[in-house]
Amino acid sequence: MNGSRTVRRASALAVSLVAIGGLALGTAGPAAAADQDDGILEAGEFGLYYNSSRGGCVFDLLAGDNDFTNNDFKDRPTYVNCPGEGQTVNDNTASYWNRDTTTWYVYTDTFHEGTRGDIPAGHIGDASSTFKNEISSSYWYL
Amino acid sequence: MTAFGAVLALAGCSAGGSDGSGGSAEPTVTSTPTMLRTAGVSFPLDAYQATAGQQAMLARAQGVLTSRCMARLGFTYQAPEQPVTSASGSNARVFGLVDPDTAARYGYLNPETANAPVRAATGSLTEAERLALSGEDDLDPADAPTNLEEAERAGGSDVKFNGERVPVGGCVRESYLRLYARKANEVDILFVFNLKREAESKVRADSQVRAADKRWSSCMAKAGYKLTAPADAVEELGLTESDLSGPRAVTAAKADVACKQRVNLVGVRYAVTTAYQHRLIEEHTQTLSLVEKQLASRLLLAAELT
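Residues numbered from 1 in each chain as written. Chains lettered and ligands numbered in written order. Predicted model: local features only at pLDDT ≥ 70, side-chain atom pairs only at ≥ 80, totals over all residues.

(A) Examining the overall build of chain B more closely. Secondary structure summary: chain B contains 13 helices and three strands in total. Taking all 306 residues of chain B together, 45% fall into the buried category. By sequence separation, contacts in chain B at least 24 residues apart represent 78% of the contacts at least 6 residues apart. (Helix = DSSP H or I, 4+ residues; strand = E, 2+ residues; numbered from the N terminus. Buried ≥ 20, exposed ≤ 12 C-beta atoms within 10 Å, placed from the backbone. Contact = placed C-beta atoms within 7 Å.)

Right under this line is the structure:
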């Protein structure tokens, strides 16, 4: 299917936090905002990797994406020419890491269609060894 | 949908056509119900996953666990609510667009997509808070403990707040382990989803499903559309995301759904999917038994936390 790249873009983690002590030197300032689809999986993002065991390039999402056919794996300054660079993200996911604070939902087809998988916050794991690579859209909400 | 129960039993009994070595042969489907929609439908493997209500409780419970971890590290944390904008079940669009009312109103646009929530920024984290919540930026996920027992033995990362070591992967990872991976034998949370995907892949290559797709193509040709398969309809119609609910899309979508009903596309896919899922259940009895026990235990823990 054709479609635009993202549904919505988040600007920051949707949480409320108050520090009450114990901050280490150099950590009291604001955290840098994460950028979606820059090839770097940051805190608050959901990552889909080209290879198993979080290997190769990663497609990093802050917000939902209706159609992975419009997305390619990118390299990053610290990992130039990562395996999968330039290849479509569609049907090319071999492993995941959910660094967000909410569950992410993946679908085997574009636009919320096909079989749905629920990936809780903090999950690190591989897609099936025999039936991987079939994710086409993903969302942080139902 | 009164035929659901009957076809479940029939497909289950007839799903033994496996070659017994990984299921390369097609299962025999002796009964195919006439079905028009997928809203509210369920499949055999759904029984091994949390329901929508249970999922919501698990998400809340994980938030509580994350908050407790953050409190231990000296931070007050309120977990965000998991947004739910959809009232339809997880299988509502499992076979794509099949509902005539949706086709007439939205064309090929999935209303779930149209109702996407905006992710509001209610506060930004300090570097310390982010570190406590999500762990170190340069963490190699291969270094993250895979279960709670392992994490407790390792004791956490080298970073400390409030005199306490930050868990590897932060409080989000710790809360995941406490709820979903307490012991080494905990079955991966995606195991059932992976079985469903395996079934789906085989269903899409199954001769009965492909035959139904051909009948659908013939029906669509009579309606003036030259399309090869239902899954490719939007692309072959040349519709972009902005066109999905336009007049041309609505006209085509109505013909599409009418043809699916004429060839009983939903009924065929439902029966074949059921048969493949039953076969996978038979092949993975022991693991799925563990999945059931662990899900029940997880729900008890979640109920205590929420």
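What follows picks up the thread again.
(B) Structural context of the overall build of chain A. Scanning chain A for helices and strands turns up zero helices and eight strands. The order of helices and strands in chain A, counted from the N terminus, is β-β-β-β-β-β-β-β. Counting across all 142 residues of chain A, residues that qualify as buried make up 60%. Restricting to contacts in chain A with at least 6 residues of sequence separation, those with at least 24 account for 64%.

(C) Expanded view of the pairing of strand β3 (residues 55–61) of chain A. Residues and elements named next belong to chain A. Counting buried positions over the seven residues of β3 gives six, a clear majority of the element. In the sheet, strand β2 (residues 46–51) pairs with β3 via five bridges, with the strands oriented antiparallel. Bridge assignment links N51 to a residue of β3, and that residue is G55. Remark: three residues form the turn of the hairpin made by β2 and β3, two consecutive strands paired antiparallel; S53 in that turn has positive phi of roughly 55°. (Pairing = 2+ DSSP bridges.)

(D) The arrangement of the nonpolar core in detail. Residues and elements named next belong to chain B. Membership of the largest hydrophobic core comes to 109 residues, with the highest contact counts inside it found for M70, Y108, A132 and V272. Here the element with the most residues in this core is helix α12 (residues 265–283); it accounts for nine residues. When residues no more than four places from it in sequence are discounted, the contact partners of Y108 are L97, V234, L239, L244, A249 and A253. (Core = buried A, V, L, I, M, F, W, Y, C linked by C-beta atoms within 7 Å.)

(E) Fine view of the environment of V64(B). Of note, V64(B) is situated in helix α2 (residues 52–72). Remark: the alpha-carbon pair of V64(B) and G246(B), spanning 182 residues in sequence, is separated by 44 Å.

(F) Focus on the sheet that holds strand β5 (residues 104–107) of chain A. Residue and element names in this part refer to chain A. What the three strands build is an open sheet, ordered β6-β5-β8; its pairing is antiparallel. The open sheet terminates on both sides in strands that have one partner only, identified here as β6 (116–119) and β8 (137–139). Each neighbouring strand pair of the sheet contributes to a mean axis angle of 20°, computed without reference to strand direction. (Axes fitted to C-alpha atoms, helices over the stretch in contact; angles between N-to-C directions.)

(G) Representation of the confidence of the model for chain B in the model. Residues and elements named next belong to chain B. Per-residue confidence for chain B gives a mean pLDDT of 89, with 90% of residues at or over 70. Here residues 1–21 scores under 50 on pLDDT; set against residues more than four positions off or in separate chains, the count is 40 contacts. Our summary of model confidence lists the complex with pTM equal to 0.87 and ipTM equal to 0.89. (pLDDT = per-residue confidence, 0-100.)

(H) How the structure looks around the sheet that holds strand β4 (residues 95–98) of chain A. All names here are of chain A. The strand order across the open sheet built from four strands is β3-β2-β4-β7, with neighbouring strands paired in antiparallel fashion. On the outer flanks of this sheet lie β3 and β7 (124–126), each paired with one strand and no other. Put simply, the sheet's adjacent strands are angled 20° from each other on average, direction ignored.

(I) Highlighting the confidence of the model for chain A. The predicted model of chain A averages 78 in pLDDT, with 74% of residues at 70 or higher. Ignoring residues within four places in sequence, the model shows residues 1–26 of chain A, a span with pLDDT below 50, making 89 contacts including any to other chains.

(J) Main features of unusual backbone geometry. Of note in this structure, D91(A) is not a glycine but carries a positive phi near 55°. In this structure, D91(A) sits in the loop between β3 and β4. Despite not being glycine, N162(B) shows a phi value in the positive range, around 55°. Tracing the chain through its elements places N162(B) in the loop between β2 (160–161) and β3 (164–165).

(K) Representation of helix α8 (residues 191–205) of chain B within the structure. Its 15 residues place the ends of α8(B) 22 Å apart at the C-alpha level, agreeing with the 21 Å of an ideal helix rising 1.5 Å per residue. With eleven of 15 residues buried, α8(B) is to be regarded as a mostly interior element. Buried within α8(B) are the following residues: V192(B), F193(B), N194(B), L195(B), K196(B), R197(B), E198(B), A199(B), E200(B), K202(B) and V203(B). Contacts from the buried residues of α8(B) go to β6 of chain A together with α9 (207–222), α12 and α13 (285–305) of chain B. (Expected span 1.5 Å × (residues − 1).)

(L) View of α2(B). Residue and element names in this part refer to chain B. Along its 21 residues, α2 runs 31 Å from first to last C-alpha, staying within 8% of the 30 Å computed at 1.5 Å per residue. Among the residues making up α2, those that are buried are Q55, L58, A59, A61, Q62, G63, L65, T66, C69 and M70. Of the residues one or two after α2, G74 is the one with positive phi, at around 95°.

(M) Seen up close, the packing of helix α5 (residues 127–134) of chain B against helix α7 (residues 170–180) of chain B. All names here are of chain B. In the contact formed by α5 and α7, the axes pass within 2 Å of each other and the chain directions differ by 20°. Here α5 is positioned roughly parallel relative to α7, judged by the angle of their axes. Judged by residue contacts, A132, L133 and S134 of α5 engage G170, C171 and V172 from α7. For the contact of α5 with α7, a count of residues per class yields four nonpolar, two polar and no charged. (Parallel < 35°, antiparallel > 145°, perpendicular 65-115°, else oblique. Nonpolar A, V, L, I, M, F, W, Y, C, P; charged D, E, K, R; others polar.)

(N) Main features of the environment of N115(B). All names here are of chain B. Take N115: it is sitting in the loop between α4 (111–114) and α5. Note on N115: 11 C-beta atoms within 10 Å, which makes it exposed. For N115 and T32, which are 83 residues apart along the polypeptide, the C-alpha to C-alpha distance reads 34 Å.

(O) Quick look at the packing of α8(B) against α12(B). Residues and elements named next belong to chain B. Where α8 meets α12, the closest approach of the two axes is 9 Å, and the angle between their N-to-C directions is 130°. The angle between α8 and α12 places the two elements in the oblique class. The two elements α8 and α12 meet at a crossing, and its hand is right-handed. Packed against α8, whose contacting residues are L195, E198, A199, K202 and V203, the element α12 presents R269, V272, T273, Y276, Q277 and L280 at the interface. Residue composition of the contact of α8 with α12, by class: six nonpolar, two polar and three charged. (Left-handed = near helix turned anticlockwise from the far one by under 90°.)

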